[in-house]
Amino acid sequence: MAYYHHTDNPSQIRHTADAQVFTERYELDIHTHTIASGHGSSATITDMAKAAASRNLKMLGISDHGPATLGGGRTSYFRNLAYAQRERLGVRMLYGAEANILDRNGRLDLDDSILQSLDYVIASMHQPTIKPGTPEENTEAYINVMKNPHVAIIGHCDDTKFPVDYFKLFKAAMEHRVLLEINNSSLSPEGYRGDTKFNDLLILNLCCHFNYPVLFSSDSHGTKHVGDFTYAAEAAKLAGVPRSLILNYSAKALLSFLDGR
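Under the annotation held in an unreviewed UniProt entry, the protein chain carries the name Phosphatase and is attributed to Candidatus Mediterraneibacter stercorigallinarum.

Structure follows, in structure tokens:
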């Protein structure tokens with residue numbers, strides 16, 4: 001296990017373990033959006049599968065925005081995903097949702113009857129769906145949503161507009177067997193969640209300290225960035241995260257995690 005050293009400068013965070021070189025091919029990306037999300041994409045599910053196949057991914061997850069997002073997927077769309085193709089162009093398909101957290105109690109914009117029919121659920125905070133609170137309030141909202149047995153992943157909790165107590169958040173994720181994602185879109189120079197690097201490094205250091213996995217997410221709206229974890233990988237390399245703790249390297253490992261919840 002690698003141990004982290006406290007510093008106010010995130011560029012100086014390092015571990016006793018040697019940093020890994022991310023040369024292996026990733027097998028999956030499960031935070032992606034199609035035209036059903038209502039913004040930023042005209043891509044269909046088939047378009048997304050073509051992009052995944054062209055990048056040699058074994059598994060692709062479609063996680064369109066819930067109905068509280070302007071233009072997001074309707075409840076009927078998520079209900080019908082149960083009948084969608086399980087394989088497209090040689091890529092195994094998972095069908096989920098990026099549900100909106102609506103309040104501090106962890107209420108979501110999709111009913112449990114729909115959530116339970118999905119392969120996985122990402123729960124995220126978006127403005128104006130929820131107003132940013134204090135670190136204590138935001139942490140409480142995330143922890144309460146983790147108590148929902150259908151929620152497997154917390155989306156972009158690195159957002160600087162929604163500050164949290166990362167130690168409490170990570171401990172709760174372990175308790176409820178939920179993954180925190182490292183969102184490549186957040187870390188991109190074109191990202192709109194502020195400078196999230198320090199927050200992501202905190203998550204990655206806790207991942208190493210507690211030997212608990214994380215998930216890279218492209219958050220690709222459309223085909224352009226499917227399977228692209230460039231900035232997430234750079235942060236993980238800086239934090240010295242071992243390959244074994246990044247679930248994107250193994251579709252089998254991710255499915256085992258989801259099945260074991």
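Colleague: Could you give me a rundown of the environment of Gly133, with the residues and numbers involved?
Modeller: Tracing the backbone shows Gly133 in the loop between strand 6 (120–124) and helix 4 (135–146). Accessibility expressed as a relative area gives 23% for Gly133, which makes it partly exposed. In the structure, Gly133 is positioned 12 residues away from Val145 in sequence and 15 Å away in space, judged by C-alpha atoms. Residues in contact with Gly133, not counting those within four places in the same chain, are Asn138 and Pro163.

Colleague: Describe helix 9 (residues 251–259), with residues and values.
Modeller: Of all the residues in helix 9, the buried ones are Ala251, Leu254, Leu255, Phe257 and Leu258. Down the axis of helix 9, the sector holding all buried residues measures 155°, keeping them to one side. Exposed and oriented more than 90 degrees from the buried face of helix 9 are Lys252 and Asp259. In this fold, the buried residues of helix 9 make contact with strand 1 (28–29), strand 3 (59–65), strand 5 (91–100), strand 6, strand 8 (179–183) and strand 9 (215–217).

Colleague: Got a sec to walk through the pairing of strand 5? Specific residues and values, please.
Modeller: For strand 5, the tally of buried residues reaches 9 of 10 residues, placing the bulk of the element in the interior. As paired elements, strand 3 and strand 5 share 7 bridges and run parallel to each other. Counterpart to Ser63 in the pairing with strand 5 is Gly96. In the sheet, strand 4 (residues 87–88) pairs with strand 5 via 2 bridges, with the strands oriented antiparallel. Residue pairing in the sheet places Arg88 in a bridge with Val91 of strand 5. Linkage of strand 4 to strand 5, two consecutive antiparallel strands, is achieved through a turn of 2 residues, within which Leu89 is found at a positive phi near 55°. Sheet analysis places strand 5 next to strand 6, joined by 5 bridges and oriented parallel. Among the inter-strand pairings, Ala99 is bridged to a residue of strand 6, identified as Ala123.

Colleague: If you had to explain the UniProt feature "domain: Polymerase/histidinol phosphatase N-terminal" (unreviewed entry) in the protein chain to someone new, which residues and values would you point to?
Modeller: Annotation from UniProt places "domain: Polymerase/histidinol phosphatase N-terminal" (unreviewed entry) at residues 28–103. As a span, residues 28–103 carries 21% helix and 30% strand, and end to end its C-alpha atoms are 31 Å apart.

Colleague: Mind laying out the packing of helix 5 (residues 166–176) against helix 7 (residues 197–210), listing which residues take part and the relevant values?
Modeller: With their axes 10 Å apart at the nearest point, helix 5 and helix 7 run at an angle of 45° to one another. Considered as vectors, helix 5 and helix 7 are oriented oblique to each other. Helix 7 is crossed by helix 5, and the crossing has right-handed handedness. When helix 5 is examined against helix 7, the residues Tyr166, Phe167, Phe170, Lys171 and Met174 are found in contact with a partner set consisting of Asn199, Leu202, Ile203, Leu206, Cys207 and Phe210. Residues belonging to the contact of helix 5 with helix 7 are distributed by class as follows: 9 nonpolar, 1 polar and 1 charged.

Colleague: Would you mind going over the pattern of salt bridges in detail, with residue names and values included?
Modeller: Tallied over the entire structure, the rule returns 7 salt bridges. For Glu137, the salt bridge is made with Arg104, and the minimal N-O distance between the two is 3.5 Å. You can see Glu137 sitting in helix 4 and its partner Arg104 sitting in the loop between strand 5 and helix 3 (112–115), a full 33 residues away along the chain. As a salt-bridge pair, Lys161 and Asp159 come within 3.1 Å of each other at their nearest N and O atoms. Each member of the salt-bridge network shares a partner with another, and the members are Arg104, Glu137 and Glu140.

How each quantity is defined
Residues numbered from 1 in each chain as written. Predicted model: local features only at pLDDT ≥ 70, side-chain atom pairs only at ≥ 80, totals over all residues. Heavy atoms only, no water. Helix = DSSP H or I, 4+ residues; strand = E, 2+ residues; numbered from the N terminus. Buried < 20%, exposed > 50% of the residue type's maximum accessible area, 1.4 Å probe, protein only. Contact = heavy atoms within 4.5 Å. Arc of directions from axis to C-beta. Pairing = 2+ DSSP bridges. UniProt positions renumbered as here; feature names shortened; annotations may be inferred. Axes fitted to C-alpha atoms, helices over the stretch in contact; angles between N-to-C directions. Parallel < 35°, antiparallel > 145°, perpendicular 65-115°, else oblique. Left-handed = near helix turned anticlockwise from the far one by under 90°. Nonpolar A, V, L, I, M, F, W, Y, C, P; charged D, E, K, R; others polar. Salt bridge = Lys/Arg side-chain N within 4 Å of Asp/Glu carboxyl O.

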